[in-house]
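Summary of structural features
Now for the letters of each chain:
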Amino acid sequence: MTHLLILDITYTQGAEAVDPYLEAHRQYLIRHYEDGKFLASGRKNPRTGGIIIAVGKRDEISEVVTEDPFVVNGVAEYVITEFLPTMTSPHLENYRENL
């Protein structure tokens with residue numbers, strides 16, 4: 001079964017260390033939106049990292065996050081939380097768990 005995952009990104013260095021990798025990170029996001037793995041993403045406020053909502057198997061998504069230029073360049077780390085949504089908006093009903 002495919003599940004939703006929250007990818008919680010935390011900068012391990014200040015935002016100024018992250019800035020040189022923003023465009024490469026953006027291209028990484030686009031690639032995974034196109035292949036259907038990412039559903040939504042954005043910055044945390046205050047700017048200490050970001051959140052991505054992903055869909056897929058945990059081991060597959062765990063591999064995907066190792067490709068993020070933020071991770072490759074040592075300026076961020078991920079915490080992956082898998083969850084089983086029991087209620088969703090109509091737009092996400094395909095990901096809803098029927099208990």
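Residues numbered from 1 in each chain as written. Predicted model: local features only at pLDDT ≥ 70, side-chain atom pairs only at ≥ 80, totals over all residues. Heavy atoms only, no water.

A few points about the environment of Tyr-28
- With respect to the helices and strands, Tyr-28 occurs in helix 2 (residues 22-34).
- The buried category is assigned to Tyr-28, whose relative accessible area is 1%.
- With 40 residues separating them in the primary sequence, Tyr-28 and Asp-68 have C-alpha atoms 6.3 Å apart.
- Once you skip the residues sitting within four places of it in the chain, Tyr-28 turns out to touch Phe-38, Val-64, Val-65, Glu-67, Asp-68, Pro-69 and Tyr-78.
- For Tyr-28, the side chain forms a polar contact with the main-chain oxygen of Val-64, separated by 3.3 Å. (Helix = DSSP H or I, 4+ residues; strand = E, 2+ residues; numbered from the N terminus. Buried < 20%, exposed > 50% of the residue type's maximum accessible area, 1.4 Å probe, protein only. Contact = heavy atoms within 4.5 Å. Polar contact = N/O pair within 3.5 Å; in protein donor to acceptor, adjacent residues only side chain to side chain.)

Re the sheet that holds strand 2 (residues 38-43)
- Spatial ordering of the open sheet is given by 2-3-1-4, a layout of four strands whose pairing is antiparallel. The outermost strands of the open sheet, each flanked by one partner alone, are strand 2 and strand 4 (76-83). Direction aside, neighbouring strands of the sheet carry axes that sit 15 degrees apart on average.
- Strand direction decides the pairing type here: strand 1 (residues 3-11) and strand 3 (residues 49-56), joined by eight bridges, are antiparallel. (Pairing = 2+ DSSP bridges. Axes fitted to C-alpha atoms, helices over the stretch in contact; angles between N-to-C directions.)

Things to note about the pattern of salt bridges
- Tallied over the full model, the rule gives six salt bridges.
- The closest approach of N and O atoms between Arg-26 and Glu-23, which form a salt bridge, is 3.2 Å. Here Arg-26 pairs with Glu-23, and both are found in helix 2, just three residues apart, close to one helical turn. (Salt bridge = Lys/Arg side-chain N within 4 Å of Asp/Glu carboxyl O.)

Some remarks on the nonpolar core
- In terms of nonpolar packing, the biggest core is built from 19 residues, with Leu-7, Tyr-28, Phe-38, Ile-52, Val-65 and Tyr-78 touching the most fellow members.
- Of all the secondary structure elements, the ones that give two or more residues to this core are strand 1, helix 1 (15-18), helix 2, strand 3, helix 3 (58-65) and strand 4.
- Among the elements that take part in this core, strand 1 stands out by supplying four residues, more than any other.
- Beyond its immediate chain neighbours, meaning those up to four positions away, Leu-7 contacts Phe-38, Gly-50, Ile-51, Ile-52, Ala-54, Ile-61, Val-65, Tyr-78, Val-79 and Ile-80. (Core = buried A, V, L, I, M, F, W, Y, C linked by side-chain atoms within 4.5 Å.)

Some points on unusual backbone geometry
- Cis geometry marks the peptide bond from Asn-45 to Pro-46, where omega comes out at 10 degrees.
- Its location among the elements puts Pro-46 in the loop between strand 2 and strand 3.

Brief notes about the pairing of strand 1
- Examined bridge by bridge, strand 1 and strand 4 share eight bridges and lie antiparallel to one another. Each bridged residue has a counterpart across the sheet, and for Ile-9 the counterpart in strand 4 is Tyr-78.

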